Amino acid sequence: MISRRELLGAGALALVTPSPLSRTIPLDFRFVHMTDLHMRDTAKAKEGIRMAVSRVLALDPRPDFVLLGGDVGDGLMGGDEAKARKTFADLAEELKRLEMPVHAVVGNHDVVGWGAPGAGLSDDPLFGKTLFADTFVKGPLVRGFDHKGWRILLLDSIQRAAPDSKTPYKSAIDEAQLQWLKQEVEGLGARPCVIVTHSPLLTGYFLYNDGPYVEPQFRMVLENAKEVHELLKGKNIKLVLQGHTHVAENLLYAGRQHITSGAVSGSWWAGPRFGIDPNGFSVLDVEGGAAKWAYVPTGMDLGG
Ligand SMILES: [Fe+2]
C-alpha cells in the first residue's frame, strides 16, 4: 500500500487539505479525476501514464470509477489520422490495466483535423471528435450517469471557432448542451451533482499567468462561463472537475468546488507546471453528500 506521505509528496501540496487516502472508516465512495495525459510516442509519456495507472490501482480503497478530463491525446488537431490512431491505441493499451469503469470528456488535443492546413468541415468520420468518441466513449460525448445517489454530467467544452480565429477551436458550452444541462440540473432533486468539463468554468489562471488587467494569452476558460454559472445557480452542484490549464487548483464559489486536476503530463512532460504542480491526478472521497479532494502526484520525476 502507498503511504499517505508518499501519495501527497512534499512541499507543493502544503495548502491542499487532503482527504486521508488510506481509510479504515468506510466511504460512500471514492473516484479519480485524471486529466491532460497528453499521450505521445515517447518513453517518458508512456512511462508517466503507466505510473499514474499504477498509482490509481494502489489506492486503498480503490476508486469506483475514473474520469478522464480530456487532452488524453496530444496535438491531434494537426490532422494526422495515423498519429491519432496510434496515440489513442497506445493510450487505450495503458488504460486497459484499470479495472474500474473509465468515463472520458473530450479535450482540444483530442480533436482530429480542425487545425490541419486547409481543413474545412469534412464528411470523414475520423474528422473531429469521432475517433476519440469511438475509442474512449463509445456513445454520445455529452451524457450523464448515476452513482450511489450522485449524478455525474460529462460535457463537451470544445467547439469549432470562426474561420478567422487565432485557434481552430474555442472553449464553450454550445446551445444544445445548455438546454440539456438545464434539464439535467432542474431534475436533480436531492441528488448531489458532479460536472466534468475540459475547459474550466472557473479558474484563477489569468491572475498568475497573465496578470489581473492584461489581455490573456490564451482564451482558456469557457467563453460563456457566465451563462453556465447562471444556469447552475441554486442547484445541487457539489463539484466541477476541470482540466486544460495543467494547474492544480480548487476554487469554492456558489457552494461548488471547482477543481482543476493539474495534469498527468505535468507541464507537457517537461517538469512541474509553473515549477509548482507535479504531474498527478485528483482523488475525490465522497461521504455524507460532500466530497474531499486530494491531488496525488504520480511519482514520476520529470526534471524541470
Ligand atoms: Fe492539456
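Residues numbered from 1 in each chain as written. Predicted model: local features only at pLDDT ≥ 70, side-chain atom pairs only at ≥ 80, totals over all residues. Heavy atoms only, no water.

Q: Can you walk me through the overall build of the chain in this structure?
A: A count of helical and extended segments in the chain gives seven helices and 13 strands. Pairs at least 24 apart in sequence give 72% of the contacts found in the chain among residues at least 6 apart. About 13200 Å² of surface is accessible on the chain, with carbon and sulfur atoms providing 55% of the total. (Helix = DSSP H or I, 4+ residues; strand = E, 2+ residues; numbered from the N terminus. Contact = heavy atoms within 4.5 Å. Areas by Shrake-Rupley, 256 points an atom, 1.4 Å probe, with all protein chains shown as cover.)

Q: So what exactly am I meant to see when it comes to a nonpolar patch on the surface here?
A: A cluster of nonpolar residues, L207, Y208, F274 and I276, forms a patch on the protein surface that exposes about 410 Å² of accessible area. Within the secondary structure, Y208 sits in helix α6 (residues 205-209). Given the relative accessible area of 42%, Y208 is considered partly exposed. (Patch = residues over 30% accessible without salt bridge, like charges linked within 9 Å, V, L, I, M, F, W, Y side chains within 5 Å. Salt bridge = Lys/Arg side-chain N within 4 Å of Asp/Glu carboxyl O. Buried < 20%, exposed > 50% of the residue type's maximum accessible area, 1.4 Å probe, protein only.)

Q: Help me understand the pairing of strand β8 (residues 193-196) in this model?
A: Strand residues, when the strand is regular, have side chains that alternate between the two faces of the sheet. The alternating pattern of β8 places C193 and I195 on one face and V194 and V196 on the opposite face, and all of these are buried. As defined by bridge partners, strand β5 (residues 150-154) adjoins β8 across four bridges and the pair is classed as parallel. If you follow L153 over to β8, its bridge partner there is I195. Looking at chain direction, β8 and strand β9 (residues 237-242) are connected through four bridges and run parallel. Note on β9: the bridge partner recorded for V194 is L239. (Pairing = 2+ DSSP bridges.)

Q: Would you mind going over the coordination of the iron ion with me for this structure?
A: Metal coordination angles in their ideal form are 109.5 degrees for the four-donor tetrahedron and 90 or 180 degrees for the six-donor octahedron. Bound to the iron ion on the protein side are D36 (OD), H38 (NE2), D71 (OD) and H246 (NE2), at distances that span 2.0 to 2.3 Å. Classification of the site at the iron ion rests on its four donor atoms, whose angles at the metal span 86 to 176°, yielding the label irregular. (Donors = N, O, S within 2.8 Å, 3.2 Å for Na, K, Ca; no water. Tetrahedral: all angles 85-135°; square planar, octahedral: opposite > 155°, others 65-115°.)

Q: What am I meant to see in helix α7 (residues 225-232) here?
A: Because an α-helix packs 3.6 residues into every turn, residues spaced three or four apart end up facing the same way. Three or more residues of α7 are buried, namely A225, V228, H229, L231 and L232. One side of α7 holds all its buried residues, which, seen down the axis, span an arc of 160°. Packed against the buried residues of α7 are α5 (175-186), β8, β9, β10 (248-253) and β11 (256-261). (Arc of directions from axis to C-beta.)

Q: So what exactly am I meant to see when it comes to the packing of α5 against α7 here?
A: Packed helices, taken two at a time, are described by their axes: the angle between them and the distance between them. Relative to each other, α5 and α7 sit at 20°, their axes nearing to 10 Å. Between α5 and α7, the angle falls in the class roughly parallel. Handedness of the α5/α7 crossing: right-handed. Together, E175, L178, L181, K182 and V185 of α5 and E227, V228, L231 and L232 of α7 make up the contact between the two elements. Residues belonging to the contact of α5 with α7 are distributed by class as follows: six nonpolar, no polar and three charged. (Axes fitted to C-alpha atoms, helices over the stretch in contact; angles between N-to-C directions. Parallel < 35°, antiparallel > 145°, perpendicular 65-115°, else oblique. Left-handed = near helix turned anticlockwise from the far one by under 90°. Nonpolar A, V, L, I, M, F, W, Y, C, P; charged D, E, K, R; others polar.)

Q: Any chance you could explain the sheet that holds β9 here in plain terms?
A: Taken in spatial order, the six strands of this open sheet run β4-β5-β8-β9-β11-β10, and their pairing is mixed. Sheet topology places β4 (143-147) and β10 at the edges, where each strand pairs with a single neighbour. Strand-to-strand twist of the sheet, defined as the mean angle between neighbouring strand axes without regard to direction, takes the value 15°. Along the sheet face, α5 touches β4, β5, β8 and β9 and points at about 175° away from the line of β5. α7 rests against β8, β9, β10 and β11 of the sheet, and its axis sits at about 140° to β11.

Q: Would you mind going over the confidence of the model for the chain with me for this structure?
A: Interpreting fine coordinate detail is not advised for predicted regions of low pLDDT. When pLDDT is averaged across the chain, the result is 90; 89% of the residues are at 70 or more. Low pLDDT, under 50, characterises residues 1-18; the predicted model gives this stretch 31 contacts beyond four residues in sequence or across chains. (pLDDT = per-residue confidence, 0-100.)

Q: So what exactly am I meant to see when it comes to the sheet that holds strand β1 (residues 29-34) here?
A: Pairing between sheet strands relies on hydrogen bonds along the backbone, with the strands arranged either parallel or antiparallel. Sheet architecture is open: five strands sit in the order β3-β2-β1-β12-β13, paired in mixed fashion. This sheet does not close on itself; its edge strands, each paired only once, are β3 (102-104) and β13 (290-297). Strand-to-strand twist across the sheet, computed as the mean angle between neighbouring axes with direction ignored, equals 25°. In this sheet, strand β2 (residues 65-68) lies alongside β1 in parallel orientation, the contact comprising four bridges. Bridge pairing in β2 places H33 opposite L67.

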